[in-house]
Structures are given as structure tokens and as C-alpha cells.
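# Summary of the model geometry
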Amino acid sequence: MAITEIIFWFLSALAVISAIMVVVSKSPVHSVLWLVTVFFAISGHYILLNAQFIAIVNIIVYAGAIMVLFLFVLMLMNLNKETEPQKNLWMKLTGVISGGCLLIILISLIRQATEIKGKIAITKTGDIGLIKVLGKELFSNYVVPFEISSVLFLSAMIGAVVIGKKD
Amino acid sequence: MTLLSIDWFLLIEKLILIAVIIFASLGIALYTTFAERKVAAILQDRPGPNRAGPFGLFQPFADGLKLIMKEEIIPNSSNKFLFVLGPTLAMIAALMTCAVIPWGDKIVAFGRTIALQIADINIGILYVFGVVSLGVYGIMIGGWASNNKFSLLAALRGASQAISYELAMGISLIALLMITGTLQLGEIVKQQMQPNHFWNVVYQPLGFLLFLICAFAECNRTPFDLPEAENELNFGYHQEYSSMKLGFYLFAEYINMFISSVIMATLFFGGYDIPFFDEAKHADWGNWLALAGVICLMIKVVLFIFFFMWVRWTIPRFRYDQLMKLGWKTMLPLALLNMLITGAVILWLKK
């Protein structure tokens, strides 16, 4: 086994196990910390694909900012076992069934997709993920969707400020 | 020698480099604690620690020994695992940053050319940001796991402060990156070493000022040390900690200070560039030139660390609303303005 393959399997196992722990953990703070681990494992995968920019942005934005805000809110809420609402068994069952259905659909879609059939991810080489190439691509071929999404973010930000403001 | 398609010599070389850099960082941080007490003493007109060894030079070892020998206490009502994880994360995040910093030029040893940088990655400065944004977990997890109201309040303060100032820090750096056109720290230093190129601080004075202030805030140094404001929060987020776990928190702060000084020196003050000296003309000096560069970087860093301490013992702490107001209503607009002006000037010069 090549070293890339070993790293790949390690990261995949880490990602899947942490993702399961996110759901299984009793304490919400633990769930958030497991989710941070998931993001790290995914960033590791990006680095294997030589997409360094996406890897680090994933860490800065998700692990470094959004998850900190999640922790922030969770730590301020007093989550005791007594205050937690009792969950209905039927609710849990329907959750499992609908989640399973989604999983089946996703798997069947991936199996049928012809675009990715027979293609192997390029590890360690390829420079599309490097910041120079990515920047040129974003600001030439994809400049319109890029700018539209930035306007969308701006409007979301302004909306949040308006909602948060005491009148 | 290749096994598992790894170049083992490269691996050994990097391992040695990592060990040297980490131990050097720890040693410098150790003596920064001593320097802090001495600087405080000089500014307050008293002798400072002078009992252990000549001029009190063994004081940091005595302090370290004291911290290690003290009783480890884990509070009963705390979350045990996270309580230990807190200081660990703080320390790891503090040390991880040194991986992308160019400490010096290449040296030649045992027939190999060794770059004095662990990894000159494509995303250089973004990596630093990634690690800095993780540093806040150490404070938050430690403060929450202590199960103490004061700790929790301090942790929340620390986290919101770090997030607020990261924003202005990032934007102030974007202006610099527009000039350099690269994120690689090694490349940024090499550009500044060109004979007809000044240090970046000349092109980006406002950017440097903003970055400096944000660095103070990110390191939780006075005047931004709200997370450990003794008069409001007893002792801050490490209230429940004792022995070496407390030591790690205090130590991580000094390592952060050291690393942010190195980054400021690298980005704005030419890194290992020797001022008023053309390195390219003296390439035959070989390893000695590289060594002189490293020493030069260290001198710059020591000056920055002294500045950190000078400010700490001169300026009183902000109030919390003043801190937030400064971050969001002064720093952020100034950083945006700086970015716009830099962009406009670059466009104008290229036309």
C-alpha cells in the first residue's frame, strides 16, 4: 500500500467514525467537537487531492468560525438532562427510516452517474486546487455566479443586522 | 533510500528541523517570561527577579519546576476529558504555526541543501490563519469544562474577541497580499530582499498598524486581556487550573506572542533580510550568511516582544464595550479602506 492510500483509509475511517459520534454523542458540546474532527478529516482529503485552498478555507470558515459560534450558543444554554424533552420512540423510528431512504437514493445516484464512472481522483498532482489557478478561474470563467453569490451573502448579512437591531 | 515511496532522508531532516524549532520556541518562550518580569521591573523602577543564578537568569527554571511540582487538581464537577484537552489544544495551536515560517535562507550540511523552513506551502499565510482560528478552542473548551461561571464568562469573552479581531486582521493582510501577489511566506521574504525593494511596512504602514493591534488582541495581551481581567473575573478562563495545566495556558500565551512577532517581522520587516546589506553579492559566505539572517530575524523578533511588554506595562485595559467598538467600528472600516486604496493604487500604477 502506498503512503497516500494509507492516509486515505485513515482519514476516511476518521471521518465516518466522527460523523457517527456526532449523532450518537449525548452531550451537544461533544457533538460539536466531533463535527470539528469531521471537518479536519475532510480537509485532509482535500489536501490529498492537492486542493490546498479549499482545505484551509474549510478549516478557517467551518472549524474556526462557524463551529466556534455553535459552541458559543451551546455553552450559553443550560442543557441539563432534566430539561431535555422526552423523545417519542415513533419519532426516532421515522427519523431512521427517512434517513435510510435518503442514503439509498444517494447511493443509487452515485452508482448510476455516468460522469464519474471509471474516473479516479488524482491525488498529489493537479494544480486546479492551488490558489492562483482557482482565483483566475473564479474571476474569469465563473465571475457572474461568484459575484451573485457575494451579493447574496451581503444581503444575508444586512438581513441579520436588521433582525438583530433593537428598534 | 526509499521505502513506502518516502524519501527517508528528507523525513529525518524535517524531523530534526521540527524538533529544533519547537525546542527553540519553547526555550524562547521560557525566557520571555523572565524578560517580561525584568521589563516590568525596569518600567516600575524596581530590581525584579535577581536571586536564582546570575542576574536571576535561572528564574524561569525555578518557575517551571514550581509549576510541575504543584498538585494537579481536576475539579469534581468538571468534564474531565475536556478539562485536560483545553490546555493541550492551546499549546498545540500555539506551536503549530511555526511550520510555515521561513527562519532563514538555505544551509548546506552533509551534502544536502536544507531550507530552514518546515513547509513552504502554497497557502502559507492562510495556514497561519487556520491555526490561529483554532487557538480559540483551547480557551473555550477549558473555560467551559471547568464548570465555573467566571471561567465560562472569560471563555466567551475570549472567543468573541478573537473572532472579532480575526476579521480586521484578515482584511488588513489582504492589502499586503495584493502587493506581494503570493501567499507563500518564503516568497514574500525573498521579494523584500530584492535590492531595489523596501520592506513591506513602507508600502503598507496602515496595514501593519492594524495587524499589530489585532495581534495584541489575538494574543490576549494588555490592553486586550479581557479574558483574564482579574478585577472582574477573578482569574479568567484558567481559574480552576493548577500545576502544569495552568502552566501550559500561560506558556501558550508567550509562544503566541513569540510567533506573532515572527510573523510580523516576516511579513512587514523583511524576515531574515539583513538591512542595508545585499545578500546576493555575498553568496560565497554560505552557511554564515544564513546564520546571520537567522540572527537578524531574531533581533527583530526580540524588539517586537519588547514592544509587547512595553505596551502591557504602560497602557491600562479596555472596557469590554470599548474593545468591541474598536474592533468593529474602527479597525474593520479602516482595514476595508486600506484594502480599497491599495487596490486602486495597484490598478492605477499598472495602467
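What counts, and where the lines are drawn
- Residues numbered from 1 in each chain as written.
- Chains lettered and ligands numbered in written order.
- Predicted model: local features only at pLDDT ≥ 70, side-chain atom pairs only at ≥ 80, totals over all residues.
- Heavy atoms only, no water.
- Helix = DSSP H or I, 4+ residues; strand = E, 2+ residues; numbered from the N terminus.
- Buried < 20%, exposed > 50% of the residue type's maximum accessible area, 1.4 Å probe, protein only.
- Contact = heavy atoms within 4.5 Å.
- Areas by Shrake-Rupley, 256 points an atom, 1.4 Å probe, with all protein chains shown as cover.
- Rg over C-alpha atoms; globule rule 2.2 N^0.38 Å.
- Lys, Arg positive; Asp, Glu negative; His and termini not counted.
- Charge placed at Lys NZ, Arg CZ, Asp CG, Glu CD.
- Core = buried A, V, L, I, M, F, W, Y, C linked by side-chain atoms within 4.5 Å.
- Salt bridge = Lys/Arg side-chain N within 4 Å of Asp/Glu carboxyl O.
- Domains from an automatic or database assignment.
- Patch = residues over 30% accessible without salt bridge, like charges linked within 9 Å, V, L, I, M, F, W, Y side chains within 5 Å.
- Expected span 1.5 Å × (residues − 1).
- Bend = angle between axes of the 7 residues up to and from the residue.
- Axes fitted to C-alpha atoms, helices over the stretch in contact; angles between N-to-C directions.
- Parallel < 35°, antiparallel > 145°, perpendicular 65-115°, else oblique.
- Left-handed = near helix turned anticlockwise from the far one by under 90°.
- Nonpolar A, V, L, I, M, F, W, Y, C, P; charged D, E, K, R; others polar.

This paragraph deals with the overall build of chain A. Each helix and strand counted, chain A has 6 helices and 0 strands in total. Secondary structure elements of chain A, listed N to C terminal, follow the sequence α-α-α-α-α-α. Per-residue burial for chain A yields a buried fraction of 22% across its 167 residues. Put simply, 57% of the contacts in chain A that link residues at least 6 apart link residues at least 24 apart. In the structure as shown, chain A presents an accessible area of about 12500 Å², 75% of it carried by carbon and sulfur atoms.

Within chain B one finds 12 helices and 4 strands. In summary, chain B has a C-alpha radius of gyration of 21 Å against a globular reference of 20 Å for 351 residues, a match within 12%. For chain B, the exposed area adds up to about 16900 Å²; of that, 72% sits on carbon and sulfur atoms. Computed over 24 positive and 23 negative side-chain charges, the inter-centroid distance for chain B is 5 Å.

For the rest of this paragraph, the subject is the nonpolar core. In globular proteins that are soluble, nonpolar side chains generally tend to be buried together. Residues and elements named next belong to chain B. Counting 110 residues, the largest nonpolar core has W103, I125, L267 and F268 as its most contacted members. Examining the composition of this core, we find that 15 residues originate from one element, helix 10 (residues 243–268), more than from any other. Among all residues touching L267, those that are not within four sequence positions of it are I125, L173, L176, L185, I188, Q192, N200 and F211.

So, on to the pattern of salt bridges. Residues and elements named next belong to chain B. Under the counting rule described, the total for this entry stands at 4 salt bridges over all chains. Taking the shortest distance from any N to any O, the salt bridge between R37 and D63 comes out at 2.9 Å. In this pair, R37 sits in helix 1 (residues 8–43) while D63 sits in helix 2 (residues 59–69), placing the two residues 26 residues apart along the sequence. Note on R37: relative accessible area 36%, which makes it partly exposed.

Domain boundaries in chain A define domain 1 (1–81) and domain 2 (130–167). For domain 1 of chain A and domain 2 of chain A, the distance between their C-alpha centres works out to 24 Å.

Residues W285(B), W288(B), L291(B), I295(B), I299(B) and L303(B) make up a contiguous nonpolar surface patch of about 700 Å² in total accessible area. Within the element layout of this structure, I299(B) appears in helix 11 (residues 287–312).

Let us look at helix 3 (residues 52–76) of chain A. In a regular helix each residue adds 1.5 Å, so 25 residues correspond to 36 Å; helix 3 of chain A covers 35 Å between its end C-alpha atoms and thus fits that length. Along its length, helix 3 of chain A shows its largest kink, about 30 degrees, at M67(A).

This paragraph deals with the packing of helix 4 (residues 124–145) of chain B against helix 10 of chain B. Residue and element names in this part refer to chain B. One can describe the packing of helix 4 onto helix 10 by two numbers: an axis separation of 13 Å at closest approach and a directional angle of 160 degrees. It follows from the interaxial angle that helix 4 and helix 10 lie roughly antiparallel. Relative to helix 10, the crossing made by helix 4 is left-handed. Taking contact as the criterion, the partners of I125, V128, G138, I139 and G142 in helix 4 are, on helix 10, Y249, I263 and L267. A breakdown of the residues in the contact of helix 4 with helix 10 according to their chemical character gives 6 nonpolar, 2 polar and no charged.

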